[in-house]
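Given next are the chains, with one letter for each unit.
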Amino acid sequence: MGIVNVTPDSFSDGGLFASPQAALAQAARLAAEGASIVDVGAESTRPGHSPVSPEEEWARLEPLLAELVVKAGVPVSIDTYKAETARRALQAGVAVVNDIWGLQRDPAMASVVAEAGAAVVIMHNRETVEPEIDIADDMERFFERSLDLARRAGVPENHILLDPGVGFGKSREQNYQALRAIPRLMGFGLPILVGVSRKSIFRDLPSGALDGRLIGTLSANLLAASMGARVFRVHDALEHKAAFSVMNDLQAFKAHG
């Protein structure tokens, strides 16, 4: 899942793809480099972000979405927790809703997803960081609530992915624990999506000649893949395609060795 942020303030690429032309070019590049889905967001959700209204969010998306859906060459996902934005995006042809509040922030979101027959990414999130809690237990309870909302609205189970929500409402240690909990989360019987791309948990890695955040992202995603995760939300599609290709070749060699 390749990331296209049409925002002025996202932590990694804020402002780079704010124009429709730049966003379309970035989506085309990501698809050409191996992304199977393009995920478009118009509101930064980094720590300390400034929330935007549904009207402002849609004003950023409207000039882009219809053309992107036609030209991307891959399914398009909308990164939003607002039901009205999701409804408009789905009407424009978007196929997936990526909700950082797991259907729990906007009461209408589950129904909007169900009525459109869309897929949905249910991400774990918290209002506050509480380092003392067992984050894996918290994720399980959160997902149980979200999945109940999805069932009640009529979202088919095979349209749902779960995201541990690395970087959202968690201490640094809890972010690592969330990744290590992937095998436990697979008990829900749903695909696991991981979104760790260039996040601050990798800020202490070597820099200079090396891109520390990219190396950290690749390492974390390869570990997550080895534990069963199947979808990866990334800024760097080409590098991940190469890394996963090597991993698959090594696994195939071991299986036939």
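Here is a short report on the structure shown in this document. These numbers come from a predicted model, not from an experiment. (Residues numbered from 1 in each chain as written. Predicted model: local features only at pLDDT ≥ 70, side-chain atom pairs only at ≥ 80, totals over all residues. Heavy atoms only, no water.)

## Considering the overall build of the protein chain
- Helix and strand content of the protein chain: nine helices and eight strands.
- Looking at the protein chain as a whole, 51% of its 257 residues are labelled buried.
- Long-range pairs, those at least 24 residues apart, make up 64% of the contacts in the protein chain with a sequence separation of at least 6.
- Counting only carbon and sulfur atoms, one obtains 55% of the accessible surface of the protein chain, whose full area is about 11700 Å².
- Across the protein chain, the mean location of the 25 positive side-chain charges is 3 Å away from that of the 32 negative side-chain charges. (Helix = DSSP H or I, 4+ residues; strand = E, 2+ residues; numbered from the N terminus. Buried < 20%, exposed > 50% of the residue type's maximum accessible area, 1.4 Å probe, protein only. Contact = heavy atoms within 4.5 Å. Areas by Shrake-Rupley, 256 points an atom, 1.4 Å probe, with all protein chains shown as cover. Lys, Arg positive; Asp, Glu negative; His and termini not counted. Charge placed at Lys NZ, Arg CZ, Asp CG, Glu CD.)

## What to know about the environment of Pro107
- Within the secondary structure, Pro107 is located in the loop between β4 (96-99) and α4 (109-116).
- The exposed category is assigned to Pro107, whose relative accessible area is 78%.

## Section: the pairing of strand β3 (residues 76-79)
- Neither face of β3 is left uncovered, since the one carrying Val76 and Ile78 and the one carrying Ser77 and Asp79 both have all their residues buried.
- Both strand β2 (residues 38-41) and β3 contribute to a ladder of four bridges, which runs parallel. By the bridge assignment, Val40 is partnered in β3 with Ile78.
- Inspection of the sheet shows β3 paired to β4 by three bridges, in the parallel sense. Among the inter-strand pairings, Asp79 is bridged to a residue of β4, identified as Asn98. (Pairing = 2+ DSSP bridges.)

## Considering helix α8 (residues 212-226)
- The terminal C-alpha atoms of α8 lie 21 Å apart, and with 15 residues this matches the ideal 21 Å at 1.5 Å per residue to within 8%.
- Those residues of α8 that fall on the buried side of the exposure criterion are Gly212, Leu214, Gly216, Thr217, Leu218, Ala220, Asn221, Ala224 and Ala225.
- Gly228, located one to two residues past α8, shows a positive phi value of around 120°. (Expected span 1.5 Å × (residues − 1).)

## Quick look at the sheet that holds strand β1 (residues 2-5)
- Taking strand neighbours across the sheet as the criterion, the six strands line up as β1-β2-β3-β4-β5-β6 in an open arrangement whose pairing is parallel. Looking along the sheet, the strands with just one partner apiece sit at the ends: β1 and β6 (160-163). Between one strand axis and the next, the sheet turns through 25° on average, direction left out of account. (Axes fitted to C-alpha atoms, helices over the stretch in contact; angles between N-to-C directions.)

## Observations regarding the nonpolar core
- One finds Val40, Leu68, Ile160 and Val194 to be the most contacted residues of the largest nonpolar core, which totals 64 residues.
- Counting residues per element, this core draws most heavily on helix α5 (residues 135-153), at six residues.
- When residues no more than four places from it in sequence are discounted, the contact partners of Val194 are Asp163, Leu179, Ile182, Asn221, Ala224, Ala229, Val231, Phe232 and Arg233.
- Within the second largest apolar cluster, eight residues are counted, among which are Met1, Val96, Val121 and Leu193. (Core = buried A, V, L, I, M, F, W, Y, C linked by side-chain atoms within 4.5 Å.)

## Details of helix α1 (residues 20-32)
- The terminal C-alpha atoms of α1, which comprises 13 residues, lie 18 Å apart, in line with the 18 Å expected from a rise of 1.5 Å per residue.
- Along α1, the residues that are buried comprise Ala23, Leu24, Gln26, Ala27 and Leu30. Within α1, the buried residues cover an arc of 165° as seen down the axis, which keeps them to one side. What points out from α1, more than 90 degrees from its buried face, is the exposed set Gln21 and Ala32.
- Just downstream of α1 lies Gly34, where phi reads positive at about 125°. (Arc of directions from axis to C-beta.)

## Quick notes on the packing of helix α2 (residues 54-71) against helix α3 (residues 83-91)
- Direction vectors running N to C along α2 and α3 enclose 15°, while the axes themselves pass 10 Å from each other. With respect to α3, the axis of α2 lies roughly parallel. The interaxial crossing formed by α2 with α3 has right-handed handedness. Here α2 contributes Pro54, Glu57, Trp58, Leu61 and Leu65 to the contact with α3, which in turn contributes Thr85, Arg88 and Ala89. (Parallel < 35°, antiparallel > 145°, perpendicular 65-115°, else oblique. Left-handed = near helix turned anticlockwise from the far one by under 90°.)

## As for the packing of aromatic side chains
- Applying the stated criterion across every chain, the model contains three aromatic pairs.
- Residues Phe143 and Phe188 carry aromatic rings whose centres are separated by 6.0 Å and whose planes lie at 85° to one another, so their mutual orientation is edge-to-face. Separated by 45 residues along the polypeptide, Phe143 in helix α5 and Phe188 in the loop between α7 (182-185) and β7 (193-194) bring together distant segments of the chain.
- The buried category is assigned to Phe143, whose relative accessible area is 0%. (Phe/Tyr/Trp six-rings, centres within 6.5 Å; stacked < 30°, edge-to-face > 60°.)

## Thoughts on the side chain of Arg233
- Mapped onto the elements of the fold, Arg233 is located in the loop between β8 (231-232) and α9 (237-256).
- A polar atom in the side chain of Arg233 sits 3.2 Å from the side chain of Asp79.
- Dropping the residues within four chain positions of it, Arg233 is found in contact with Met1, Ile3, Asn5, Asp39, Asp79, Asn98, Leu193, Val194, Gly195, Val196 and Ser197. (Polar contact = N/O pair within 3.5 Å; in protein donor to acceptor, adjacent residues only side chain to side chain.)

By themselves, these observations are geometric and do not establish any function.
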